[in-house]
Amino acid sequence: PGTYDLLKHNCNNFSNEVSQFLCGKLIPKNILDLPDEILSTPLGQTLLPLIESLSQGSRGVAFGQSPSNHPSQDSRRDRGESPDFLQLNSAIEEVRRDSVALEERRNIINEKLAKKDRKKKKKRNCREKESRESEGNSSAAELTPDSCSSDSLGKDNMAETDGAEVIELTPEEDTTIKRASDTMAEIEAEERKEREEQKKKQREPPIIFKDAVDIRVEFDALVGLIDGILSPEEQQSLEELHQYMLEDEGSWALGDGFLNFIGRLLHDKSLQTDTRVRILNVLALAALKDDVILLLHQDRREHVLMNYAHDIDRLSPEEQEALALFICNLFENLSSSEWLLYISEWQYCNSTISNIRVSTKVAVNSLLADNTTLQDRGSAIMHNLACKEVKTVVCI
């Protein structure tokens with residue numbers, strides 16, 4: 001905060017650095033140049049002294065400093081980096097190195113597969129050539145007695161010799177074909193093994209929080225908070241949630257109106273904050289189930305969950321913790337983790353958002369929070385995102 005300057009070092013510069021750090025892309029240059037464009041106008045030159053005085057005064061009040069002894073912009077470069085930042089940066093660099101090593105390994109495997117494919121084609125061509133030669137030799141052996149005179153002993157001996165050679169080639173041909181088949185079977189088995197190992201290596205174990213909350217405690221607390229205020233349809237959805245979470249039924253137990261029930265609990269501001277915290281904690285444990293993807297697919301049209309998550313910076317700290325727990329635990333299963341990376345966009349509050357944008361926003365907001373629990377969960381989400389291959393540019 002001590003280096004903030006409304007014109008030279010503002011929130012646009014911060015967003016530019018965050019975008020470069022997370023995505024490797026800068027924000028549009030015309031946004032960074034807005035202060036210069038304003039100052040180039042006569043009105044901007046007139047307002048410049050007033051803006052500078054207001055900026056210096058606000059810094060002095062906020063930090064007990066007067067404008068005269070306020071630290072310069074260069075103090076940011078002299079300030080030492082915090083241990084937490086260095087640790088986070090080291091972890092990110094390690095993940096990047098692992099990603100590079102994985103890519104190199106993938107290229108090596110692809111080269112081996114291409115080489116083996118060339119060998120298989122070469123052996124196939126050799127077998128076809130040997131088969132054609134064998135057929136030609138057999139035809140020649142059948143024609144030899146008719147084409148040779150009976151009084152030519154040398155030619156008869158030669159014909160007999162040729163016939164003997166043809167008979168001796170047949171077992172060799174069979175042996176060659178059998179050896180080639182065995183080799184191809186070994187190559188295919190090795191290829192299958194390498195592909196399976198490659199798939200296992202590509203999916204590193206995610207960081208999740210299985211024991212962060214207790215399902216019975218959270219569900220009972222939720223029931224106590226919403227008892228007597230639900231409609232008959234919402235009461236039915238509550239029963240369905242009980243079957244899914246406490247009776248270990250499948251997601252088939254959740255009806256078509258279940259997400260409407262979730263949407264009311266999350267977006268109805270007349271309800272207590274603790275109500276949203278409890279339902280998010282229950283959903284965080286539901287995220288660990290392997291069939292939760294069926295519930296997520298029901299949200300393709302209304303985007304109840306992701307619209308709520310997009311407003312994480314407007315939520316209470318308790319809601320932010322529960323929301324980060326829910327997003328983090330969705331990485332437990334491959335299908336739900338891929339759902340978090342969907343790039344299909346929709347409009348919400350005059351903004352274009354997508355699942356991957358919201359997931360990244362939750363991670364960054366949690367990392368930058370002062371809350372230790374949020375920082376831990378944000379770091380876990382960022383790690384889980386780094387282990388996935390996101391084929392798009394993410395802007396926050």
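See the structure shown above.
This structure is a prediction, so every number in the text was calculated from the model and none was measured. (Residues numbered from 1 in each chain as written. Predicted model: local features only at pLDDT ≥ 70, side-chain atom pairs only at ≥ 80, totals over all residues. Heavy atoms only, no water.)

## Here we look at the pattern of salt bridges
Per the counting criterion, the structure on display carries 11 salt bridges. Measuring nitrogen to oxygen at the nearest pair gives 3.2 Å for the salt bridge that ties Asp268 to Arg264. Overall, the relative accessible area of 24% leaves Arg264 in the partly exposed class. Of the charged contacts, one joins Arg278 and Asp274 as a salt bridge, the two residues approaching to 3.4 Å between their closest N and O atoms. Of this pair, Arg278 and Asp274 both sit in helix α11 (residues 273–286), 4 residues apart, roughly one helical turn. Residue classification places Asp274 among the partly exposed residues on the basis of a relative accessible area of 31%. One salt-bridge network, held together by shared partners, links Glu218, Asp274 and Arg278. (Salt bridge = Lys/Arg side-chain N within 4 Å of Asp/Glu carboxyl O. Buried < 20%, exposed > 50% of the residue type's maximum accessible area, 1.4 Å probe, protein only. Helix = DSSP H or I, 4+ residues; strand = E, 2+ residues; numbered from the N terminus.)

## Observations concerning the nonpolar core
Of all hydrophobic cores here, the largest spans 65 residues; its most connected members are Ile262, Leu323, Phe326, Leu330 and Ile381. Setting aside residues no more than four positions away along its own chain, Leu323 makes contact with Leu280, Tyr308, Ala309, Ile312, Leu315 and Val362. (Core = buried A, V, L, I, M, F, W, Y, C linked by side-chain atoms within 4.5 Å. Contact = heavy atoms within 4.5 Å.)

## A short note on a nonpolar patch on the surface
Together, Leu43, Leu47 and Leu50 line one region of the surface with nonpolar side chains, adding up to about 280 Å² of accessible area. Among the secondary structure elements, Leu47 is positioned in helix α4 (residues 42–63). On the basis of relative accessibility, which here comes to 35%, the residue Leu47 falls in the partly exposed class. (Patch = residues over 30% accessible without salt bridge, like charges linked within 9 Å, V, L, I, M, F, W, Y side chains within 5 Å. Areas by Shrake-Rupley, 256 points an atom, 1.4 Å probe, with all protein chains shown as cover.)

## Points about unusual backbone geometry
You will see that His303, though not glycine, has its phi angle at about 55 degrees, which is positive. By relative accessible area, which is 15% here, His303 ends up buried. A positive phi is found at Cys349, a non-glycine position, where the angle reads about 50 degrees. As for its position among the elements, Cys349 is in the loop between β1 (345–348) and β2 (351–354). Given the relative accessible area of 58%, Cys349 is considered exposed.

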